[in-house]
Amino acid sequence: MSGTFRSLNNFNYRLWAGGALVSNIGTWMQRTAQDWIVLTQLTHNNATAVGIVMALQFGPQALLLPLTGYAADHFDRRKLLIVTQAAMGALALGLGILTVAGVVQLWQVYLFALLLGCVTAFDAPARQTFVSELVEEHELSNAVALNSTSFNAARMIGPAVAGVLIAVIGAGWVFLLNAVSFAAVLASLCLLRQDELHLRVRAAPVRGSLVAGFRYIWGRPDLIAILLMFFLIGTFGLNFPIFISTMSVSVFHAGAHQYGFLSSIMALGSVTGALLAARREKPRMAFLLAGAGVFGGGLVLAALMPSYGWFALVLVLIGIAAQTFTTTANSMVQLTTEPAMRGRVMAILLALALGGTPLGAPVVGWVADTFGPRWALAVGAASGFVAAWVGIRYLKKYRQMRVRMAGGRLQFSFGQGMAAADLQSVVEAETK
């Protein structure tokens with residue numbers, strides 16, 4: 001097997017990917033059911049409440065950053081993932097029991113979202129960097145992209161299944177099915193061939209390790225630009241539960257299965273974007289800029305769409321752009337960061353991207369409630385355009401990018417003999 005799926009030649013990666021796919025389908029089923037009961041059962045179409053759930057679920061990424069980055073760099077990542085995945089399964093079980101029993105209340109959903117956020121804060125950087133232990137360094141970019149493909153394939157399947165199950169058996173059983181799905185990823189972690197893991201250099205456990213991570217980033221203008229771009233889009237742009245649920249319920253007056261379909265159709269675009277990223281040998285800054293710019297433009301189009309069908313079609317484009325951006329940023333950060341610093345840098349990346357949700361999600365939810373869902377999409381679009389401007393400013397300042405018209409076409413040139421937007425070459429030049 002070669003090309004797009006070459007990392008699947010590796011037994012450990014193949015086993016991990018299979019378990020993760022099953023678990024991710026369950027996770028997306030739960031996310032869909034959770035947003036649906038908050039919006040339609042526990043409130044009267046209140047987008048702000050959905051934003052609060054998102055804030056509680058992603059806020060710990062920033063608050064627990066001193067601990068999560070340390071854990072990802074110093075602990076056995078396989079064992080850490082066994083603990084976090086088991087805890088996430090237990091939380092899904094608890095919420096499912098409350099919902100099936102008919103006693104679930106909004107404050108309980110808030111509490112479970114907060115607890116899940118705390119566990120995920122430790123799980124996410126460990127899971128992202130664990131991929132580097134499953135494959136060799138030259139396959140890392142492909143493995144990261146295939147990870148995103150698996151995640152978004154689950155995102156395509158999970159919401160659609162959840163929409164049907166919510167209508168047939170109720171949201172509580174969706175939570176219980178998600179709890180069962182964690183058995184797959186736990187089994188894969190236990191069955192890995194540990195002697196074939198590619199263990200990387202671990203950082204020495206010293207005080208101030210997180211400060212060292214920030215100091216490392218501060219000396220890397222490329223990482224600063226990527227993290228700032230990710231913060232902008234993660235805070236105000238990646239609020240799809242708000243965008244899709246409010247457009248579905250308030251604008252198009254759709255039911256549960258139609259809402260689930262919209263989440264799945266956008267995931268179709270995300271899978272396409274992830275597979276395109278998997279085909280590339282190296283992530284490049286050009287794809288990061290394109291992803292951010294097209295993401296902003298796609299949200300503008302979505303805000304203008306007059307019907308459910310046209311809105312669904314534009315979601316495919318948004319999914320491709322969002323996945324191109326996030327996968328490229330993830331790969332660039334991992335490939336250009338020293339292995340001993342990788343866990344902390346990824347924790348900082350995720351904290352900025354997901355930890356910004358407590359700031360952005362309530363704001364976006366308030367805009368949707370006050371001015372309408374279409375204006376909330378406009379806020380997300382602005383984040384994509386500003387992020388693209390940050391990337392362009394970096395290239396102009398540090399890579400001496402010049403733009404000129406030639407033969408009616410835009411042409412880009414870079415100083416210092418750099419290949420256009422090849423970040424790996426940029427980093428090598430900067431560190432020599």
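Under an unreviewed UniProt entry, the name given to the chain is Major Facilitator Superfamily protein, and the source organism is Collimonas pratensis.

1. Things to note about the environment of Gly-296
Position of Gly-296 among the secondary structure elements: in helix 13 (residues 285–304). You can call Gly-296 buried: its relative accessible area is 0%. Separated by 88 residues in the primary sequence, Gly-296 and Gly-384 have C-alpha atoms spaced 4.3 Å apart. Among all residues touching Gly-296, those that are not within four sequence positions of it are Ala-381, Gly-384 and Phe-385.

2. Comments concerning the packing of aromatic side chains
Applying the stated rule across the entire model yields eight aromatic pairs. Relative to Phe-130, the ring of Trp-16 has its centre 5.5 Å away and its plane inclined at 70°; by these criteria the two rings are edge-to-face. One end of the pair, Trp-16, is in helix 1 (residues 11–40); the other, Phe-130, is in helix 6 (residues 106–134), with 114 residues separating them in the sequence. For the pair formed by Trp-16 and Phe-130, the shared burial category is buried.

3. Let's talk about the side chain of Thr-84
Position of Thr-84 among the secondary structure elements: in helix 5 (residues 77–100). Excluding its chain neighbours within four sequence positions, the residues that come into contact with Thr-84 are Val-119, Phe-122 and Asp-123.

4. Remarks on a nonpolar patch on the surface
Judged by side-chain polarity, Val-100, Val-164, Val-168, Ile-169, Trp-173 and Leu-177 come together as a nonpolar surface patch covering roughly 540 Å² of accessible area. Those elements that provide at least two residues to the nonpolar patch are helix 7 (140–168) and helix 8 (171–191). With respect to the helices and strands, the residue Ile-169 is situated in the loop between helix 7 and helix 8.

5. Some words on the pattern of salt bridges
Throughout the structure, instances matching the rule amount to four salt bridges. Among the ionic pairs, Glu-196 bridges to Arg-193, the shortest N-O distance being 3.5 Å. We classify Glu-196 as partly exposed; its relative accessible area is 35%.

6. Points about the nonpolar core
Ranked by size, the top nonpolar core spans 118 residues in total, and within it Tyr-13, Trp-16, Met-229, Phe-311 and Ile-318 carry the most contacts. In this structure, Ile-318 is in contact with Phe-240, Met-266, Phe-295, Gly-298, Leu-299 and Ala-302, ignoring residues within four places of it in sequence.

7. Looking at the side chain of Ser-132
In this structure, Ser-132 sits in helix 6. Ser-132 sits in the buried class, given a relative accessible area of 1%. Among the polar contacts listed, one links the side chain of Ser-132 to the backbone oxygen of Thr-129, at a separation of 2.6 Å.

8. Describing the confidence of the model for the chain
Mean pLDDT over the chain stands at 83; residues scoring 70 or higher make up 88%. Within the model, pLDDT remains below 50 along residues 417–432, and this stretch shows 28 contacts once partners closer than five positions in the same chain are excluded.

9. Regarding the packing of helix 10 (residues 221–236) against helix 13
Where helix 10 contacts helix 13, the axes come no closer than 12 Å and their chain directions differ by 20°. The orientation of helix 10 with respect to helix 13, classified from their angle, is roughly parallel. Considering how the two elements wind past one another, helix 10 and helix 13 form a crossing that is left-handed. For the pair helix 10 and helix 13, contact is made by Ile-226, Met-229 and Ile-233 and by Met-285, Leu-288, Leu-289, Ala-292 and Phe-295, respectively. Considered class by class, the residues forming the contact of helix 10 with helix 13 number eight nonpolar, no polar and no charged.

10. With respect to helix 10
The first and last C-alpha atoms of helix 10 sit 23 Å apart over 16 residues, in line with the 22 Å expected at 1.5 Å per residue. Judged by how many residues are buried, helix 10 sits mostly within the fold: 12 of 16 residues are covered. Turning to helix 10, its buried residues number three or more, namely Pro-221, Asp-222, Leu-223, Ala-225, Ile-226, Leu-227, Met-229, Phe-230, Leu-232, Ile-233, Gly-234 and Thr-235.

Criteria and thresholds
Counting starts from 1 at the beginning of each chain's written sequence and moves along it residue by residue. With pLDDT at 70 or above as the cut-off, local features in this predicted model cover only qualifying residues; side-chain atom pairs require 80 or more to be listed or tallied, and sums for whole chains, interfaces and linings still use all residues. Based on all heavy atoms of the structure, the side-chain values leave hydrogens and waters out of the count. Here a strand is any run of E in DSSP of at least two residues, a helix any run of H or I of at least four, and the numbering for each starts at the N terminus. For each residue, the accessible area found with a 1.4 Å probe, counting protein chains only, is set against the maximum for its type, and the residue is called buried under 20%, exposed over 50%, and partly exposed in between. Any two residues whose heavy atoms approach within 4.5 Å are treated as being in contact. Only Phe, Tyr and Trp rings are paired, with Trp represented by its six-membered ring, and only when their centres lie within 6.5 Å; those with planes under 30 degrees apart are stacked, over 60 edge-to-face, the remainder tilted. Within this analysis, patches are made of residues with over 30% relative accessible area and no salt bridge. Like charges are joined at 9 Å or less; nonpolar side chains (Val, Leu, Ile, Met, Phe, Trp, Tyr) at 5 Å or less. To measure how exposed things are, a 1.4 Å probe is used in the Shrake-Rupley method; for residues, cover is taken only from the protein chains shown. Each reported salt bridge corresponds to a side-chain nitrogen of Lys or Arg within 4 Å of a carboxyl oxygen of Asp or Glu. What makes a nonpolar core is a set of buried Ala, Val, Leu, Ile, Met, Phe, Trp, Tyr and Cys residues whose side-chain atoms join them at distances within 4.5 Å. N or O atoms closer than or at 3.5 Å make up a polar contact, with two conditions inside protein: a donor-capable atom paired with an acceptor-capable one, and, for residues adjacent in sequence, both atoms drawn from side chains. A residue's pLDDT is the confidence the predictor assigns to it, expressed on a 0 to 100 scale. Note on definitions: angles span 0 to 180 degrees between N-to-C directions of axes, and those axes are lines fitted to C-alpha atoms, for helices only across the stretch in contact. By the definition adopted for this analysis, an angle is roughly parallel if under 35 degrees, roughly antiparallel if over 145, roughly perpendicular if from 65 to 115, and oblique otherwise. A clockwise turn of the near helix away from the far one marks a right-handed crossing, whereas an anticlockwise turn of less than a right angle marks a left-handed crossing. Each residue is assigned to one class: nonpolar for Ala, Val, Leu, Ile, Met, Phe, Trp, Tyr, Cys and Pro, charged for Asp, Glu, Lys and Arg, and polar for all the others, Gly among them. To estimate the expected span of a helix, subtract one from its residue number and multiply by 1.5 Å.

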